[in-house]
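Structure assessment
Residues per chain, in single letters:
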Amino acid sequence: MATILRRFAMPGCSSRRCLGVFLREMHSRTSPLNPRDGPRLLAGGSIPLTAYSRTHSRWQHTKAADPPEVELHRLVGEDNGIVEVLMCRHKARNALGYVFVSQMRGLVSSLSEDSAVRVVIFRSLVPGVFCAGADLKERARMNDAMSDSFVHMLRTLMTQIASLPMPTIAAMDGAALGGGLEMALACDLRTASHSAQMGLIETTRGLLPGAGGSQRLPRTVGMTLAKELIYTGKRVGGQKALEMGLVNRSVEQNETGDAALREALSLAREILPQAPIAVRLAKEAMDRGIEVDITSAMKIEKMCYALVIPTKDRREGMDAFIEKRPPRYTGQ
């Protein structure tokens, strides 16, 4: 993200270098694994992904001719700038298998440097399910070392999603269980149908959340509720999830089964007209600031704010206010 911030900064901005250094320092304290290292390293850099891929080459070979399990859909017209990540592993209810996760990581990596993308929506094409969690049939064929490496791969994927510079929304029109909910928690915002079922159910399988759920759930709903949900493996519906702050919006399911998606699109359309640089920097300030003490967080906010000042979008916002017209932001 520091690279993106430097690209956003205009020549002569005195805070540009300071922000880059400061964010790198804070990043080293709070996130030892760089998501850009994901394609090359697993397990904190000790296990090359290439070796892991060779171990799983049989799975890749058998899946090579199959349809993609994850696809990208760019909206056009008035929705230009909104991108949908489509999960379409129909036979396995979007279970987090090796091929699915590999394709998702590549797709998320491609989005991370795309300045034309304003909002990303993660959604399912499988009726009645967002993501059913781990592929337990595939996991059963792994030995302990392979399983540990794959969980590191999952954790890296969730870090990649959380590190995307633009706002992300998970549209849950069905079950989001285990790793499926961990994926939704890695997004900035979440919408759900009332009929959706959500839960970190790993303790019912003799496990605990291993792809960020034990850390992101407490930060989302508070420690007391998170402990109850994880200890019991409880599932909650969309309305209950809204009450506890797990989702931003919950709506009655419709006949086409895409009520959460429609609500996510509505939310994305509220974000779309805003200044994209300001939105990205606001996300950076919040995401970095929440992980450090308040004094350091205020420094992060100050530096991010300084990067907005020399942008054309900031001047356009001021001009539009004075001229009493809608602003026309260009992302510059």
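Residues numbered from 1 in each chain as written. Predicted model: local features only at pLDDT ≥ 70, side-chain atom pairs only at ≥ 80, totals over all residues. Heavy atoms only, no water.

1. Concerning the overall build of the protein chain
Looking only at helices and strands, the protein chain features 15 helices and twelve strands. Split into buried and exposed, the 332 residues of the protein chain put 51% on the buried side. A separation threshold of at least 6 residues defines the contact pool for the protein chain, and within that pool the share at least 24 residues apart is 69%. Summed over its atoms, the accessible surface of the protein chain is roughly 16,100 Å², and 55% of this surface lies on carbon and sulfur atoms. (Helix = DSSP H or I, 4+ residues; strand = E, 2+ residues; numbered from the N terminus. Buried < 20%, exposed > 50% of the residue type's maximum accessible area, 1.4 Å probe, protein only. Contact = heavy atoms within 4.5 Å. Areas by Shrake-Rupley, 256 points an atom, 1.4 Å probe, with all protein chains shown as cover.)

2. Description of the pattern of salt bridges
Under the criterion given, the structure shown has 15 salt bridges. The salt bridge partner of Asp135 is Arg89, with a shortest N-O separation of 2.9 Å. Taken together, the residues span a long stretch of sequence, with Asp135 in the loop between β6 (129–131) and α6 (136–139) and Arg89 in the loop between β4 (82–87) and α5 (98–112) at a distance of 46 residues. On the accessibility criterion, Asp135 (11% relative accessible area) is buried. The shortest N-O distance in the salt bridge between Lys240 and Glu243 comes to 4.0 Å. One end of the pair is Lys240 and the other is Glu243, both in helix α11 (residues 238–243) and three residues apart, which spans about a single turn. In the salt-bridge network here, residues are joined through shared partners; they are Glu69, Arg89 and Asp135. (Salt bridge = Lys/Arg side-chain N within 4 Å of Asp/Glu carboxyl O.)

3. Some remarks on the packing of helix α7 (residues 144–162) against helix α8 (residues 179–186)
Across the interface, α7 lies against α8 with an axial gap of 8 Å and an inter-helix angle of 25°. It follows from the interaxial angle that α7 and α8 lie roughly parallel. On the side of α7, the interface is formed by Met158, Ile161 and Ala162, while α8 contributes Gly179, Glu182, Met183 and Ala186. (Axes fitted to C-alpha atoms, helices over the stretch in contact; angles between N-to-C directions. Parallel < 35°, antiparallel > 145°, perpendicular 65-115°, else oblique.)

4. Quick word on the nonpolar core
Among the nonpolar cores identified, the biggest contains 52 residues, and Met104, Phe122, Phe130, Met198 and Leu246 are the most heavily contacted of them. When residues of this core are assigned to their parent elements, the largest contribution, eight residues, is made by α5. Sequence-distant contacts of Met104, defined by excluding residues within four places in its chain, comprise Val70, Val85, Met87, Phe122, Leu157 and Met183. In this structure, Ile121, Ile169, Leu261 and Ile271 belong to the second largest nonpolar core, which totals 14 residues. (Core = buried A, V, L, I, M, F, W, Y, C linked by side-chain atoms within 4.5 Å.)

5. Section: the confidence of the model for the protein chain
Per-residue confidence for the protein chain averages 85 on the pLDDT scale, and 80% of its residues sit at or above 70. Long-range and interchain partners of residues 1–16, a stretch whose pLDDT sits below 50, account for 32 contacts in this model, where long-range means more than four residues apart. Low pLDDT, under 50, characterises residues 27–63; the predicted model gives this stretch 56 contacts beyond four residues in sequence or across chains. (pLDDT = per-residue confidence, 0-100.)

6. Quick word on unusual backbone geometry
Phi at Asn94 takes a positive value of approximately 60°, unusual for a residue other than glycine. You can see Asn94 is positioned in the loop between β4 and α5. A relative accessible area of 0% places Asn94 in the buried class. Unusually for a residue other than glycine, Lys324 sits at a positive phi of about 55°.

7. Points about the pairing of strand β9 (residues 189–193)
Taking burial as the measure, the five residues of β9 include five buried ones, the bulk of the element. On β9, burial covers both faces: Leu189, Thr191 and Ser193 on one face and Arg190 and Ala192 on the other are all buried. Pairing between strand β7 (residues 168–172) and β9: four bridges, direction parallel. For Ala171, the partnering residue across the bridge sits in β9 and is Thr191. Bridge count between β9 and strand β12 (residues 249–251): three bridges; the pairing is parallel. (Pairing = 2+ DSSP bridges.)

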